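Secondary and tertiary structure notes
The residues making up each chain are set out below.
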Protein chains: 2
Amino acid sequence: MDTWQAINSVRVVREFADRPLEPDHLTRIVNAGRRTGSSKNEQRWVFITVQGRDRLRELAAVGRYAGHLAGAAAAVALVTPDPNGPRGKSIMWDLGRAAQNMVLAAWELGIGSASATVYDHELVGKLLGLPGDQDCSFILSFGYPADPSVLTAPNRAGGRRSLAEVSREDHW
Amino acid sequence: MDTWQAINSVRVVREFADRPLEPDHLTRIVNAGRRTGSSKNEQRWVFITVQGRDRLRELAAVGRYAGHLAGAAAAVALVTPDPNGPRGKSIMWDLGRAAQNMVLAAWELGIGSASATVYDHELVGKLLGLPGDQDCSFILSFGYPADPSVLTAPNRAGGRRSLAEVSREDHW
């Protein structure tokens, strides 16, 4: 799949088929995160993959909109140094770049994804066994879509602000 | 270019050919940012494109490592609501996702890019005419590489931590 096609067609998928990811596919996804460029090439991330159904169900309790994790084929928890300090902006910026690489690499393989924001940091720390200096603020769900037609569905009209709304020349 | 190929081969380019971007190419890059999924689809971003050489040189003064902006064919300044508040983490995460979409879309078109971190927020606010509630923490340089061979060069060994270093199964 051409890069632009992936960027333009990818959509959020929250309902997944009940089958595991092919191991090569999960490895490709994690490698897409691993390859990502980062501030000073610091690569301040660890990707924790979770595939057991019970553990996925437990992870689904970490946030108000994290329910999709319960039905995912795999979750990838994105772990970084504490992003609440002075370098937090660049940690989160880098992490978003890695996430997008994973989302696009998955989409090319026919795998949908959704992102969950962590609200309960104590719970996620316990479930993943995180040291006190590590943080998990986002977890990605991956899986083959329950409805494969979403992979080729046209973009919904009005789903994004127009080019005129989101761009300017030279100044605000 | 296949999506995985773009993800795996893209590299930072800081030296650019002295020719402008084709207008369709710049539009494609901004559209790649515009299409990005974001938290609650809030799209908290405005992309300010800058192509004038004098203004690019001025922008190059916003950070210690922002010199590449002076020679870029175009800069895209990424503007968001203030990311220093409680929602800052998700603003920066979303913005990183948009940046990666732009970087990959550019790479497919033979366009290199580099990211600059803004240190002098007062200067960037003045140059871009930003309202007080808007922030620009990152600016991307884009341009056709001065050395086109970088577009097809193999990855440098040791450029990224290994899969074993950056990934775990189930827990830390």
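Use the structure listed above.
Now for a look at the structure at hand. Source: prediction; values computed, not measured.

1. Quick look at the sheet that holds strand β1 (residues 46-50) of chain A
Within a sheet, adjacent strands bond to each other through the backbone by hydrogen bonds, running parallel or antiparallel. Within the open sheet, the five strands sit side by side as β3(A)-β4(A)-β2(A)-β1(A)-β5(B). Their pairing is mixed. Strands at the two margins of the open sheet, each flanked by one partner only, are β3 (112-117) of chain A together with β5 (167-169) of chain B. Pairs of neighbouring strands in the sheet enclose a mean axial angle of 25 degrees, with direction left out of account. In this structure, β1 of chain A lies alongside β5 of chain B, joined through three bridges in parallel fashion. Residue pairing across strands places Thr49 of chain A opposite Glu169 of chain B, the latter belonging to β5 of chain B.

2. Here we look at the relation of the copies chain A and chain B
With an RMSD of 0.0 Å, chain A superimposes on chain B once it is rotated by 180 degrees and translated 0.0 Å along the axis. In symmetry terms, the pair is related by a two-fold rotation axis. The share of interface residues of chain A whose copies in chain B are also at the interface is 100%, consistent with both copies meeting through the same surface.

3. Focus on the interface of chain A and chain B
Between chain A and chain B, the residue contacts involve 59 residues of the former and 59 residues of the latter. Every element with two or more residues in the side of chain A that touches chain B is listed here: α1 (3-9), α2 (23-34), β1, α4 (88-108), β4 (134-143), α6 (163-166) and β5 (167-169) of chain A. In terms of residues, the side of chain A that touches chain B owes the most to one element, α4 of chain A, which gives 15 residues. Here the side of chain A that touches chain B is composed, by residue class, of 27 nonpolar, 18 polar and 14 charged.

4. Details of helix α5 (residues 121-128) of chain A
Residues and elements named next belong to chain A. All of the buried residues along α5 are Val124, Leu127 and Leu128. Seen end-on, α5 carries its buried residues on one side only, within an arc spanning 85 degrees. Exposed positions of α5 whose direction lies more than 90 degrees from the buried face are Glu122 and Lys126. The secondary structure elements touched by the buried residues of α5 are β1, α3 (53-59), β2 (74-81) and β4. Looking one or two residues past α5, Gly129 carries a phi angle of roughly 65 degrees, positive in sign.

5. Examining the nonpolar core
The tendency in soluble globular proteins is for nonpolar side chains to be buried as a group. With 108 residues, the main nonpolar core has Ile139 of chain A together with Val76 and Ile139 of chain B as its most contacted residues. Look past the residues within four positions of Ile139 of chain B in its chain and what remains in contact with it is Leu59, Val62, Ala66, Leu69, Ala75, Val76, Ala77, Leu78, Ala116 and Val118 of chain B.

6. Structural notes on the environment of Ala73 of chain A
Here Ala73 of chain A shows up in the loop between α3 and β2. With 82 residues separating them in the primary sequence, Ala73 of chain A and Asn155 of chain A have C-alpha atoms 25 Å apart.

7. Concerning the environment of Asp133 of chain A
All names here are of chain A. Residue position: Asp133 is located in the loop between α5 and β4. When the 7 C-beta atoms within 10 Å are taken as the criterion, Asp133 is described as exposed. Considering only alpha carbons, one finds Asp133 and Gly143, ten residues apart in sequence, at a separation of 30 Å. Not counting the four nearest positions on each side in its chain, Asp133 is found in contact with Pro81 and Asp82.

8. Some words on unusual backbone geometry
Positive phi values are uncommon outside glycine, yet Gln43 of chain A reaches one of about 50 degrees. Within the fold, Gln43 of chain A resides in the loop between α2 and β1. For Lys40 of chain B, which is not a glycine, the phi torsion comes out positive at approximately 50 degrees. Tracing the chain through its elements places Lys40 of chain B in the loop between α2 (23-34) and β1 (46-50).

9. Structural notes on the packing of α2 of chain B against helix α4 (residues 88-108) of chain B
All names here are of chain B. Interaxial distance between α2 and α4 falls to 7 Å at its minimum, and their mutual angle equals 150 degrees. With respect to α4, the element α2 is oriented roughly antiparallel. Judged by the twist between their axes, the crossing of α2 over α4 is right-handed. Every residue of α4 that contacts α2 at Arg28, Ile29, Ala32 and Gly33 is listed here: Ala98, Asn101, Met102, Ala105 and Ala106.

10. Some details on the pairing of β4 of chain A
Residue and element names in this part refer to chain A. When you tally the buried positions in β4, you get nine out of ten residues, the bulk of the element. Where β2 and β4 come together, eight bridges link them in antiparallel fashion. Along β4, the bridge assignment pairs Val79 with Cys136. Across six bridges, β3 lies against β4 in antiparallel orientation. Its bridge partner lying in β4, Ala116 is registered against Ile139.

Scoring rules and cut-offs
- Residues numbered from 1 in each chain as written.
- Chains lettered and ligands numbered in written order.
- Predicted model: local features only at pLDDT ≥ 70, side-chain atom pairs only at ≥ 80, totals over all residues.
- Pairing = 2+ DSSP bridges.
- Helix = DSSP H or I, 4+ residues; strand = E, 2+ residues; numbered from the N terminus.
- Axes fitted to C-alpha atoms, helices over the stretch in contact; angles between N-to-C directions.
- Least-squares fit on C-alpha atoms with pLDDT ≥ 70 in both.
- Contact = placed C-beta atoms within 7 Å.
- Nonpolar A, V, L, I, M, F, W, Y, C, P; charged D, E, K, R; others polar.
- Buried ≥ 20, exposed ≤ 12 C-beta atoms within 10 Å, placed from the backbone.
- Arc of directions from axis to C-beta.
- Core = buried A, V, L, I, M, F, W, Y, C linked by C-beta atoms within 7 Å.
- Parallel < 35°, antiparallel > 145°, perpendicular 65-115°, else oblique.
- Left-handed = near helix turned anticlockwise from the far one by under 90°.

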